[in-house]
Amino acid sequence: MTISPAERARQPDSRSVFLQDGATLAVVGGGPAGAFFAILAARKARALGKALDLVIIEKNSGGRDSCPAHTIEGCNYCAGGISPNLFDILNQNGIHLPEEIIEGKAESVIVHGDWKSLELPVPKGRTMLSVFRGTRPQNRPSRYENFDAFLLDQAVNEGARLICGEARDISYGKSGKPAVRYGEPSRPGGESKTIEADFVAVASGVNQTPGMNLATDPFFRALKGALPGFRPPKVRRALICEMQAEEEALRHLKAEVHFVQYGSRDLRIEMSSLIPKGRWITIVLLGPSVDAAQPSDRLAIIERFLELPHIKRLIPRGARLRPVCLCFPNMTVKRARGFLGDRIALVGDIVVSRLYKDGIFSAYTTAEALSDCLLNEGIGRSALMKGYAPFIRRFDRDNRFGEVVFTLSRLTFSRPVLSRIVYQAVLTELKSKARNKRRLVNVLWKIAGGDDSYSKILWAMAQPAAIWTIFWGGALMTFRNALAERLFGLRWQGIGRYQTGVAMEDFEEKRQSFLRALEVSSLQRPEFARMYSIRIKAGRARVLQELGRFGDGENGFFSTRRVVVRRISGAANELGSTVLYDVSPRFLSFRMALEKIVGTRFLMYRVLDGFARDGIFVFGIDPIGEDACSLSIYVAFDFPRGTNALPRSFWRLFRLFFPGFVHDVIWNHSLCRLKHLVEVNPE
Ligand SMILES: Cc1cc2nc3c(=O)[nH]c(=O)nc-3n(C[C@H](O)[C@H](O)[C@H](O)COP(=O)(O)OP(=O)(O)OC[C@H]3O[C@@H](n4cnc5c(N)ncnc54)[C@H](O)[C@@H]3O)c2cc1C
């Protein structure tokens, strides 16, 4: 026997009613919000000496005999990125993700800008993982072990009962308690059952079916019966696709997560992420082209995305990606209204979600806020208004700051000049500031890793010191470098641009290891020292072979308008072979001889004459896995002193005005060119 909303409104609010020992708590939806809520409520109640009868109604829980977990069939339309915050909170709660569920562990987040990509290493002590949320993609060997099933299992271990059913509506009975009517999933007209509960938490998300219309969905309409003021959250359509590659084809992307904030004039993408998971990669796209697409456009959009030059460069050649699952799910971008009533509250995506990032973590925080409220404040409407509603409003307010953060970040990374300025500013910071003093790197990491509230991120972005770094370390240096590129005729057509600057702490560590390996005791404190490094998807032998073309003039990787490097004696990579650095003006020219070769790890040239006489020039190749390596260049020399007053003054001035940045600009270009040549022709 149910009563109408008007009748229910006339009944007194259960203001001072608390969950009693043995009270029934029904949870609609067993995604992260529902599972977290059940786990936390059970634990908190137990701590207060109460046992709850917890029931989770989940439409996709298969509960198969063949698998140990209460499995989630299909998927929950999510990229499955586990942020560092979520990882920490899971561990704090004793929820340790087993190895079978973890598909990837990111060591770096790569933010792609129109100018260059920035690699942000996951900070020490932070962990960023990826998982699959359900049994898709279908041909995975251990697909029944997935994140949502694991969380549901945890909830069951805490005492929850799991019912495989689809909630059809919620209404109040004569007792004033809410009751959930549910039936067999995908049989809307079939038989239904009802559970009356002391409290109902609705955690059914915004994708009962992916991309459904929230205004017309029957369950959402039914919710309005119990919560007349309910207005669904505002959602935005995303495109998510699981791509499958040949076994091992994506190994170069292992341990990376990619964020790209631009598409092309024809394919308007505001935000995209690529998360490798073994032989699969999950791609998520958001933007006007996705907003306006028809269901039949899904595949075409993904194909066009993969054809974008910056995405093509990212995916290993020959990976032969093929889509195995794709859909247009909803993403919550603004909170719901009227999300609570007497003994009923919504939790997770159906009420609010952290904007564009870290939705699973926000499912946890909303679940925590609701469970705290129930056990500390009570289950009536006014208790929920006092203990739960302010949290949701604060959360939503922070998302408004998030809108500004993402707009600024998108504007920056999608424009060539702005993106170059920010890239340069970050590089200046990496090269000149200690790790804990890097404001921009910190801000970018927090945006990418979801590591702080949006209001704090925006505040950090607006600090005068951050703006100054962008102006001085970014804008001015970009202007100077762009001039140098013109002067030396460096062109980027057809070549990818990659980060080659080395962070302060890595510089010294690498420098010392080079000197030790090469047994060089001089130049411990050189007056000029530079290091550049680039990651190349090829084995050391192939890189070494390409380095042999140092001195091949126009045909090699190093060629500029005013500096030509020519081999004048010996053969490629032959001990004692000599190259001439032919520089205009002439007095800057010098010769270098290949003095040491250490296996496939090092080539060391010694400067024979000119202003850098006795200096060293080292190519160092460090392996990264089987068929990738990091190529570093280390250059060090002391300036000449001069024997009497005039030359002494000349060399002092020369040292003062020596344009080291020109060296950076030229070698940055040459390393990107070398990487291109090697990767295009890996054999
Ligand atoms: C494309 C995309 C990519 C994303 N990527 C990430 C990411 O990488 N990392 C991240 O942290 N967040 C990500 N998110 C956000 C994240 O998916 C959500 O914030 C999170 O899933 C919310 O959890 P939830 O439990 O509220 O809802 P859901 O995960 O949607 O769970 C709802 C559950 O309720 C069940 N259900 C629905 N209706 C009924 C019913 N009537 N009866 C019974 N059961 C029902 C569903 O089967 C489902 O299991 C992404 C979102 C999208 C759209």
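Being a predicted model, the structure only gives us computed values, none of them experimental.

### Observations regarding the pairing of strand 16 (residues 256–260)
Of all five residues in strand 16, five are buried, a share of seventy percent or more. Of the two faces of strand 16, both are covered, the one formed by Glu256, His258 and Val260 as well as the one formed by Val257 and Phe259. Alignment of strand 6 (residues 108–112) against strand 16, held across five bridges, turns out to be parallel. Residue pairing in the sheet places His112 in a bridge with Val260 of strand 16.

### Concerning a positive patch on the surface
On the surface, Lys234, Lys334, Arg337, Arg393, Arg394 and Arg397 cluster together into a positively charged patch. Among the elements that take part in the positive patch, helix 11 (residues 389–414) stands out by supplying three residues, more than any other. Within the secondary structure, Arg393 sits in helix 11. Residue Arg393 is classed as partly exposed on the basis of its relative accessible area of 36%.

### A closer look at the sheet that holds strand 13 (residues 199–202)
Strands sit in the order 9-3-2-13-22-21 across an open sheet of six strands; the sheet is mixed. Looking at strand neighbours, the two that pair on one side only are strand 9 (161–164) and strand 21 (340–341), the edges of this open sheet. Relative to strand 13, strand 2 (residues 24–28) runs parallel, the two sharing four bridges. Paired with Ala26 across the bridge in strand 13 is Val200. Helix 2 (residues 32–47) contacts strand 2, strand 3 (53–58) and strand 13 of the sheet and is inclined by roughly 160° relative to strand 2.

### Regarding the packing of aromatic side chains
This structure, assessed with the given rule, holds 42 aromatic pairs. Seen from their ring centres, Phe654 and Phe658 are 5.6 Å apart, and the 50° between their planes marks the pair as tilted. Residue placement shows Lys675 over the ring face of Tyr498; its charged tip is 4.5 Å from the ring centre.

### A few points about the site of the ligand
Glu58, Gly81, Arg133, Ala167 and Asp349 are the nearest of the 37 residues found near the ligand. A distance of 3.1 Å separates a nitrogen atom of the ligand from a polar atom in the backbone of Ala79. Take Ile360: an N or O atom from its main chain is 2.9 Å from an oxygen atom of the ligand. Those elements that provide at least two residues to the shell around the ligand are helix 2, strand 3, strand 10 (166–173), strand 20 (330–334) and helix 9 (359–376). Ranked by residue count, the leading element in the shell around the ligand is helix 9, at three residues. When its residues are assigned to classes, the shell around the ligand shows 16 nonpolar, 15 polar and six charged.

### Quick look at the packing of helix 9 against helix 11
Where helix 9 meets helix 11, the axes come as close as 9 Å, and the angle between the chain directions of the two elements is 155°. With respect to their mutual orientation, helix 9 and helix 11 come out roughly antiparallel. The crossing of helix 9 and helix 11 is right-handed. In this structure, helix 9 uses Ser362, Thr365, Thr366 and Ala369 to contact helix 11, whose residues at the interface are Phe391, Ile392 and Phe395. A class-by-class count of the residues in the contact of helix 9 with helix 11 yields four nonpolar, three polar and no charged.

Cut-offs applied
- Residues numbered from 1 in each chain as written.
- Predicted model: local features only at pLDDT ≥ 70, side-chain atom pairs only at ≥ 80, totals over all residues.
- Heavy atoms only, no water.
- Buried < 20%, exposed > 50% of the residue type's maximum accessible area, 1.4 Å probe, protein only.
- Helix = DSSP H or I, 4+ residues; strand = E, 2+ residues; numbered from the N terminus.
- Pairing = 2+ DSSP bridges.
- Patch = residues over 30% accessible without salt bridge, like charges linked within 9 Å, V, L, I, M, F, W, Y side chains within 5 Å.
- Areas by Shrake-Rupley, 256 points an atom, 1.4 Å probe, with all protein chains shown as cover.
- Salt bridge = Lys/Arg side-chain N within 4 Å of Asp/Glu carboxyl O.
- Lys, Arg positive; Asp, Glu negative; His and termini not counted.
- Charge placed at Lys NZ, Arg CZ, Asp CG, Glu CD.
- Contact = heavy atoms within 4.5 Å.
- Axes fitted to C-alpha atoms, helices over the stretch in contact; angles between N-to-C directions.
- Phe/Tyr/Trp six-rings, centres within 6.5 Å; stacked < 30°, edge-to-face > 60°.
- Lys NZ or Arg CZ within 6 Å of the ring centre and 35° of its normal.
- Near = heavy atom within 4 Å.
- Polar contact = N/O pair within 3.5 Å; in protein donor to acceptor, adjacent residues only side chain to side chain.
- Nonpolar A, V, L, I, M, F, W, Y, C, P; charged D, E, K, R; others polar.
- Parallel < 35°, antiparallel > 145°, perpendicular 65-115°, else oblique.
- Left-handed = near helix turned anticlockwise from the far one by under 90°.

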